[in-house]
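# Structure assessment
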Amino acid sequence: MKSNFTSDLRKEKQLSRLLDVYYEKSLVYYDICRVHDMKSQMAGIDLMFTHKQTKVIFNIDEKAQLDYINEDLPTFAFELGYYKEGWLFDQHKKTDFYSLATAIYEDEPNIFTSCKVTLVNRKMLLAFLNKKAISKKGLTDYCDSNIKHHGKLKIKELNTKYEGYLYF
């Protein structure tokens, strides 16, 4: 299978230009600093939002639906694991918020013109899952017991229409 790594990096760089415009326009109480060092990026930090008055810093991990350009998918997948631990439950990540870019559109090749951005508070998401009695182990058990499953898998603890499901 052909690697898309170089193409994905190019798309991410192109999208970051649009996202930076959105952040600067919408987050007027924050200074935005894009992070370029690999160690920080591996720790789940693509950029930092610093509150202009309080100086509180929030680490942001950007995720984008770059394989679905010019489509508006009604969902976003949180990676639980594949060959290594997924970013949602990885305790080594220093992410405070996920910036999820969806509905990414381009009017001409490689020129992104619009997208939707949703900021998700990681601690609140994990607390929500905990309140619903959904743990990393519980999700792993769902996966292990449905190893041959393909497609959408309902989780009894969640309303699949509003709260989520597993997808293989």
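Everything that follows concerns the structure shown earlier in this document.
Here we summarise the structure given alongside this text. What you see is a predicted model, and the numbers here were worked out from it, not measured in a lab. (Residues numbered from 1 in each chain as written. Predicted model: local features only at pLDDT ≥ 70, side-chain atom pairs only at ≥ 80, totals over all residues. Heavy atoms only, no water.)

### Side note on the pairing of strand β2 (residues 47–51)
Burial analysis of β2 places 4 of its 5 residues in the buried class, the great majority of the element. In this structure, strand β1 (residues 30–34) lies alongside β2, joined through 5 bridges in antiparallel fashion. Following the sheet pairing, Ile 32 is matched in β2 by Phe 49. Bridging between β2 and strand β3 (residues 57–64) involves 4 bridges; their strand directions are antiparallel. Considered in β3, the bridge of Met 48 is made with Asn 59. Hairpin connection of β2 to β3: 5 residues between the antiparallel strands, including Lys 55 at a positive phi of 65°. (Buried < 20%, exposed > 50% of the residue type's maximum accessible area, 1.4 Å probe, protein only. Helix = DSSP H or I, 4+ residues; strand = E, 2+ residues; numbered from the N terminus. Pairing = 2+ DSSP bridges.)

### Focus on the side chain of Asp 90
Assignment of secondary structure puts Asp 90 in the loop between β3 and β4 (97–108). Here the side chain of Asp 90 touches His 92 through a polar contact of 2.9 Å, landing on its backbone nitrogen. Excluding residues that lie within four positions of it along the chain, Asp 90 makes contacts with Glu 85 and Arg 122. (Polar contact = N/O pair within 3.5 Å; in protein donor to acceptor, adjacent residues only side chain to side chain. Contact = heavy atoms within 4.5 Å.)

### Digging into the packing of aromatic side chains
Following the criterion strictly, the structure yields 8 aromatic pairs and no others. Geometrically, the ring pair formed by Tyr 30 and Phe 49 is tilted, given 6.3 Å between the ring centres and 50° between the ring planes. Taken together, the residues Tyr 30 in strand β1 and Phe 49 in strand β2 connect sequence positions 19 residues apart. What makes Tyr 30 partly exposed here is its relative accessible area of 23%. Where Phe 58 meets Phe 97, the ring centres are 5.6 Å apart and the plane angle is 80°; that geometry is what we call edge-to-face. Remark: Phe 97 occurs in strand β4 and Phe 58 occurs in strand β3; sequence separation between them is 39 residues. For Phe 58, a relative accessible area of 24% translates into the label partly exposed. Aromatic rings pair up to connect Tyr 23, Tyr 30, Phe 49, Phe 58 and Phe 97 into one cluster. (Phe/Tyr/Trp six-rings, centres within 6.5 Å; stacked < 30°, edge-to-face > 60°.)

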